[in-house]
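Given next are the chains, with one letter for each unit.
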Amino acid sequence: GQQVMQIPQYQHVQEGEDFTTYCNSSTTLSNIQWYKQRPGGHPVFLIQLVKSGEVKKQKRLTFQFGEAKKNSSLHITATQTTDVGTYFCAQYDYKLSFGAGTTVTVRA
Amino acid sequence: EAEVAQSPRYKITEKSQAVAFWCDPISGHATLYWYRQILGQGPELLVQFQDESVVDDSQLPKDRFSAERLKGVDSTLKIQPAELGDSAMYLCASSLNDYGYTFGSGTRLTVV
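Model, not experiment: these values are computed from the prediction.

Student: What is the right way to look at the overall build of chain A in this model?
Tutor: The secondary structure content of chain A amounts to 0 helices and 11 strands. Its helices and strands taken in sequence order, chain A reads β-β-β-β-β-β-β-β-β-β-β from the N to the C terminus. Against the globule reference of 13 Å for 108 residues, chain A gives a C-alpha radius of gyration of 13 Å, in line with a compact fold. In terms of its C-alpha atoms, chain A occupies a principal-axis envelope of roughly 40 × 25 × 20 Å. By residue count, 46% of the 108 residues in chain A fall in the buried class. Contacts in chain A between residues at least 24 apart in sequence constitute 52% of all its contacts with a sequence separation of at least 6. In the form shown here, chain A has an accessible surface area of approximately 5,300 Å², with 51% of it arising from carbon and sulfur atoms. Averaging the locations of the 11 positively and 7 negatively charged side chains of chain A gives two centres separated by 6 Å.

Reading the values: the criteria
- Counting from 1, residues in each chain are numbered in the order their sequence is written.
- Chains carry letters from A onward and ligands carry numbers from 1 onward, assigned in written order.
- Whole-chain, interface and lining totals are the exception, using all residues; otherwise, since this is a predicted model, local features are given only for residues with pLDDT of at least 70 and side-chain atom pairs are given and counted only at 80 or more.
- As a convention, hydrogens and water are excluded, and side-chain values are obtained from all of the structure's heavy atoms.
- Per the convention used, a helix needs a DSSP run of H or I reaching at least four residues, while a strand needs a run of E reaching at least two, with both numbered from the N terminus.
- C-alpha atoms define the radius of gyration, and 2.2 Å times the number of residues to the power 0.38 defines the globule rule.
- In this scheme, a residue with accessible area under 20% of its type's maximum is buried, one over 50% is exposed, and one in between is partly exposed, where area comes from a 1.4 Å probe on protein chains only.
- Contact criterion: two residues are considered in contact whenever any of their non-hydrogen atoms come within 4.5 Å of each other.
- Computed with the Shrake-Rupley method and a 1.4 Å probe, the accessible areas treat only the protein chains shown as cover for residues.
- Positive charges come from Lys and Arg alone, negative charges from Asp and Glu alone, with His and the N- and C-terminal ends not counted.
- Where a charge lies is defined by one atom per residue type, namely NZ (Lys), CZ (Arg), CG (Asp) and CD (Glu).

Rendered as structure tokens:
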């Protein structure tokens, strides 16, 4: 079935800096969801993107769905230690299929 | 806030033994999912229920895994016999619609 690829696999960020993680597909996605999993925790739903070119913001997090609906990105500004964890994108096609995630560590 | 309940939280079992995990979804959520997450990877769907019916079990290793949701509420996932490669986190999730799944805290299985 369809798979989404996430890059980078690991992101090491200095506290206060910005970074972006990407989610790519070779086929058009009906919608994309983002989840965050803290170390030792379980995935927690963050957002769903449905429309081409859609942009949604949650405080310091900005989510974007590509115009062709084949990619998505998550941009975090002014990274904090609370942002540590693994961010997964997941494509929904009657079931949710997850990418491998981007694991974020923060240097204080 | 409503939660998905899972038990046990941790399970250590010897290979060839049977093991079972339990999940109680959020009240009113008709759809229930069992995912397996290997360390360092994303969750992989094992089985999806709509009420008491299996909607998708294409990735469930049916020779050793079974899942049921008899009354359309709570669910049990069983492995018999367990193999070393089954060591993973088993996550249960539920949803009201396709807008976001709520995951439980999972069962960390170690097969020795």
